[in-house]
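Each chain, written out:
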Amino acid sequence: MKKVTLSLLTLALVSVGCNTAKKTTATASLEGTKWKLTELNGKPVSKTQMGKDVYLQLDAKDHRISGFSGCNGFGGTYTLKEGSRIELSQLMGTLMACPDLDTETAFLEVLRTVDNYNHNGKTLQLNKARMAPLAKFEAVK
C-alpha cells in the first residue's frame, strides 16, 4: 500500500511540474521572439505570394529590429521607452522587385509611424497614439 501511495504522490508531483513548465514556456518575450504579422490596419494578413510570413524580431543585445516585409528583408534600430513606448529608426531594406507590394508598403509605413506597443506574452500590437492597433502579431516558436 505504501508503494502505491508513494507512486501516486510521485505521479501527481510530476504532473504538476509538467503543467507549470507548459505555462512558463507559453509566454514569449518581447525581445528575442519572432513575431508573425496577423493583422495590418484592421485587415487580416496571410502568407505573401512568395509563401512566407511577414514578421519582425527585436534583438535586445544590439537594439536592432529585423524581419521580412512581404518581398524584402528589412532592418533598423529600436529604443524601448517608459510606458510601453517604442521608437524605430534607421529602417532600411533590400530592393527586390515583386508583383504585389501593397502589404509591404503598408507594413513599412506602420513601422515608420508607431510609437507604442502592447505585449502580453502571446501577441504584440504596434500602435500610434491612442488609435486602434496598426499591426497585430503572434509569437512564432
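Computed from a predicted structure; not experimentally measured.

(A) Up close: the side chain of Glu104. Along the chain, Glu104 falls in helix H2 (residues 102-113). Looking at Glu104, its side chain comes within polar contact range of the side chain of Ser69, at 3.1 Å. Those residues within four positions of Glu104 in sequence are excluded, and the remaining contacts are Ser69, Gly70, Cys71 and Asn72.

(B) Molecular detail of the confidence of the model for the chain. For the chain, per-residue confidence averages 84 on the pLDDT scale, and 82% of positions sit at 70 or higher. Ignoring residues within four places in sequence, the model shows residues 1-25, a span with pLDDT below 50, making zero contacts including any to other chains.

(C) Geometry of the pairing of strand S5 (residues 73-81). Of the strand pairs in this sheet, strand S4 (residues 64-68) and S5 are connected by five bridges, and their pairing is antiparallel. Along S5, the bridge assignment pairs Gly67 with Phe74. Two successive antiparallel strands, S4 and S5, enclose a turn made up of four residues, where Gly70 displays a positive phi of approximately 125°. Pairing of S5 with strand S6 (residues 85-93), which is carried by seven bridges, proceeds in the antiparallel orientation. Bridging from a neighbouring strand, Phe74 pairs with Gly93 of S6. Once S5 ends, the chain turns through three residues before running back antiparallel as S6, passing Gly83 with a positive phi of about 80°.

About the criteria used
Residues numbered from 1 in each chain as written. Predicted model: local features only at pLDDT ≥ 70, side-chain atom pairs only at ≥ 80, totals over all residues. Heavy atoms only, no water. Helix = DSSP H or I, 4+ residues; strand = E, 2+ residues; numbered from the N terminus. Polar contact = N/O pair within 3.5 Å; in protein donor to acceptor, adjacent residues only side chain to side chain. Contact = heavy atoms within 4.5 Å. pLDDT = per-residue confidence, 0-100. Pairing = 2+ DSSP bridges.

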